[in-house]
Amino acid sequence: MSPLCFILMPFGKKKDATGREIDFDAVYEQLIVPAVHDAGMEPLRADEEKTGGIIHKPMFERLILCEYAVADLTAANANVFYELGVRHAAKPHTTVLMFAEGSGQIPFDVAQLRAIPYAVSADGQPSDVAKFQTLLTKRLVDARKPTHDSPIYQLLEDYPDIDHTKTDTFRDRVEYSKTMKEHLAQARKAGLDALKTLEGDIKKIDDCEAGVVIDLFLSYRAVKGWDEMISLVPKMSPVLMTTVMVQEQLGFALNRAGRGEDAERVLQELIARRGPSSETYGILGRVYKDRWETARVAGSVMLAKGLLIKAIDAYLKGFGADWRDAYPGINAVTLMELKDPPDPRRLEILPVVTYAVKQRVQRGTQDYWDFATLLELAVLAKDEVSATENLASALAAVRESWEPETTLRNLRLIQEARERRCENDFSLFTEIESELKQKAGLA
């Protein structure tokens, strides 16, 4: 009798994070079933019906007792993720993950779990079928070898038969982490050298609680310790260093350290692996923007023109990935204003960006970037009343000195472009510049 392979996936046609509709029944029939058969197994698809939304006894039996399982994580289906969690807790190996390429970020970092990407056409049908079938069949055949693919079994020693005497060690680690976070808060106020000293006190970065490591990582960012951020990443555990947030901030730090090409590579690899994201594309746009400025100052006219186009494209893709995030939108609009002649598309996008920021502010979740964005929008619209109001709110919301410095750079670029076009009629710029310089510690 052939071993059973339990298939966890959405049913019917569902939209992914990018709004693309995917026919998951076609994915099952055309991609998964043939691959499972080729691996010498029998596919058993998860039951679509849940009694009152509750996963019933037969489902748990299948999750725990089926020899093999395949989980399609596309569309971030809540049932699939819950079922995958049960499976990973019950089985140390024999679970294979897959997802549709270009379907947006999955709210679970599967990089260390070797998920298989598959191709889907614009109309939601599976494509390049033979290639994926070969990959899935091979992964299922390889799953016959007892290699842990569950992160629980990979990361927790002796799970599930954990020695209860380890409770004291666990409590000690919790207390250590709590103490280290308190020390980090103090060191962050003292500056870069204090943070470096504290890092030296951490015995083993890759075995330290993730919260402490990330706190240290972002503390370096707060004091502009770009090289220290970059050096910290390879010291992290493999799971932590491959997370989206760490890779995005690594790209950010590389760019700030003057390593724009390395930053571009890290961010492009992240997009290829995890799909489009407003944050990732926003940082990538900044990379191209900085390289554009460097080329412009150096007098490399054609190179600067090409980099400006790439920066606008990256910011537009970021805004398109999530219109609720106005950061890439305002940067796209600003750079369109700087083109010679200005890009007419900015007039179409400007109201959408303004609406996105105002909706966020009305929800009460505003931060520095919301007010800075509204300030920049007011400058673009030459609205002095709104500019004055949002400047005051932005200054009161500053957390790190590089934030007003970034806004100042954007506003200066707008001012310079208008001066070249003899449009310098925004009288408040000098006052705004002075206030931002003082807050950034540049005065």
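Residues numbered from 1 in each chain as written. Predicted model: local features only at pLDDT ≥ 70, side-chain atom pairs only at ≥ 80, totals over all residues. Heavy atoms only, no water.

### Let's talk about the sheet that holds strand E1 (residues 4-8)
- The mixed open sheet is built from six strands, whose spatial order is E4-E1-E5-E6-E7-E8. A single partner strand is all that each edge strand has here, and the edge strands are strand E4 (42-45) and strand E8 (126-127).
- One ladder, built from four bridges, connects E1 with strand E5 (residues 68-72); its direction is parallel. The residue of E5 that forms the bridge with isoleucine 7 is valine 70. (Pairing = 2+ DSSP bridges. Helix = DSSP H or I, 4+ residues; strand = E, 2+ residues; numbered from the N terminus.)

### Structural notes on the packing of aromatic side chains
- Tallying each qualifying case throughout the model produces eight aromatic pairs.
- Ring centres 6.3 Å apart and planes at 80 degrees place the aromatic pair tyrosine 315 and tyrosine 327 in the edge-to-face group. Placement of tyrosine 315 in helix H14 (residues 301-321) and of tyrosine 327 in helix H15 (residues 326-338) is noted, with a sequence separation of twelve residues between them.
- Overall, the relative accessible area of 0% leaves tyrosine 315 in the buried class.
- Given the relative accessible area of 24%, tyrosine 327 is considered partly exposed.
- Taking the centre distance of 5.0 Å and the plane angle of 75 degrees together, the rings of tyrosine 368 and tryptophan 369 count as edge-to-face. Accessibility classification places tyrosine 368 together with tryptophan 369 in one group, the buried group.
- Within the aromatic cluster, the residues linked to one another by ring pairs are Trp226, Phe252, Tyr315, Tyr327, Tyr368, Trp369 and Trp402.
- Positioned over the ring face of tyrosine 28 is arginine 45, at 4.7 Å from the centre of the ring. (Phe/Tyr/Trp six-rings, centres within 6.5 Å; stacked < 30°, edge-to-face > 60°. Buried < 20%, exposed > 50% of the residue type's maximum accessible area, 1.4 Å probe, protein only. Lys NZ or Arg CZ within 6 Å of the ring centre and 35° of its normal.)

### Observations regarding the pattern of salt bridges
- This model, assessed by the stated rule, comprises 26 salt bridges.
- Taking the shortest distance from any N to any O, the salt bridge between arginine 412 and glutamate 433 comes out at 2.9 Å. You can see arginine 412 sitting in helix H19 (residues 402-420) and its partner glutamate 433 sitting in helix H20 (residues 429-439), a full 21 residues away along the chain. (Salt bridge = Lys/Arg side-chain N within 4 Å of Asp/Glu carboxyl O.)

### Let's talk about the side chain of arginine 346
- As for its placement among the helices and strands, arginine 346 is situated in helix H16 (residues 346-362).
- Assessed through its relative accessible area of 17%, arginine 346 is described here as buried.
- A polar contact is formed between the side chain of arginine 346 and the backbone oxygen of aspartate 343, at a distance of 3.1 Å.
- In this structure arginine 346 touches Val333, Met336 and Glu337, once residues within four positions along its chain are discounted. (Polar contact = N/O pair within 3.5 Å; in protein donor to acceptor, adjacent residues only side chain to side chain. Contact = heavy atoms within 4.5 Å.)

### Regarding the nonpolar core
- Residues Met236, Trp292, Leu335, Val353, Leu411, Ile432 and Leu436 are the most contacted members of the largest nonpolar core, which totals 81 residues.
- Residues within four places of methionine 236 in sequence aside, it is in contact with Ile205, Asp206, Val213, Phe217, Met241 and Val246.
- Judged by nonpolar contacts, the second largest core, of 26 residues, contains Val96, Ala100, Ile116 and Val120. (Core = buried A, V, L, I, M, F, W, Y, C linked by side-chain atoms within 4.5 Å.)

### As for the pairing of E5
- Burial runs high along E5: five of the five residues are buried.
- Neither face of E5 is left uncovered, since the one carrying Tyr68, Val70 and Asp72 and the one carrying Ala69 and Ala71 both have all their residues buried.
- Taken together, the four bridges between E5 and strand E6 (residues 95-100) define a ladder with parallel strand orientation. The residue of E6 that forms the bridge with alanine 71 is leucine 97.

### Re helix H11 (residues 244-256)
- Look at H11: 18 Å from first C-alpha to last across 13 residues, which is about the 18 Å you get at 1.5 Å a residue.
- Inspection of H11 places Val244, Val246, Gln247, Glu248, Gln249, Leu250, Gly251, Phe252, Ala253, Leu254 and Asn255 among the buried residues, and these make up the whole buried set.
- Directly after H11, the chain includes glycine 258, whose backbone phi takes a positive value near 85 degrees. (Expected span 1.5 Å × (residues − 1).)

### Quick notes on the environment of aspartate 325
- Within the secondary structure layout, aspartate 325 lies in the loop between H14 and H15.
- Among the polar contacts listed, one links the side chain of aspartate 325 to the side chain of serine 278, at a separation of 2.8 Å.

### Re the confidence of the model for the protein chain
- Put simply, the protein chain has an average pLDDT of 86, and 90% of its residues get 70 or more.
- The secondary structure element of the protein chain with the lowest average pLDDT is helix H5 (residues 151-155), at 72, and the one with the highest is helix H9 (residues 226-232), at 96.
- In the predicted structure, residues 49-53 sits below a pLDDT of 50 and forms six contacts with residues beyond four places in sequence or in another chain. (pLDDT = per-residue confidence, 0-100.)

### Structural notes on the packing of H15 against H19
- It is the contact of H15 with H19, at a shortest axis distance of 9 Å, that shows an interaxial angle of 25 degrees. Compared by their axis directions, H15 and H19 come out roughly parallel. When you trace H15 past H19, the crossing you get is left-handed. Contact residues: H15 offers Asn331, Thr334, Glu337 and Leu338, while H19 offers Asn410, Leu413, Ile414, Ala417, Arg418 and Arg420.
- Here the residues of the contact of H15 with H19 are counted per class, giving four nonpolar, three polar and three charged. (Axes fitted to C-alpha atoms, helices over the stretch in contact; angles between N-to-C directions. Parallel < 35°, antiparallel > 145°, perpendicular 65-115°, else oblique. Left-handed = near helix turned anticlockwise from the far one by under 90°. Nonpolar A, V, L, I, M, F, W, Y, C, P; charged D, E, K, R; others polar.)

### A short note on the side chain of threonine 94
- With respect to the helices and strands, the residue threonine 94 is situated in the loop between helix H3 (78-90) and E6.
- Exposure remark for threonine 94: the relative accessible area of 7% places this residue in the buried category.
- Among the polar contacts listed, one links the side chain of threonine 94 to the backbone oxygen of glutamate 67, at a separation of 2.8 Å.
- Within the structure, threonine 94 has its side chain in polar contact with the side chain of arginine 87 (distance 3.0 Å).
- Leaving out residues up to four positions away in the same chain, threonine 94 has contacts with Glu67, Tyr68, Ala69, Arg87, Ala143 and Asp149.

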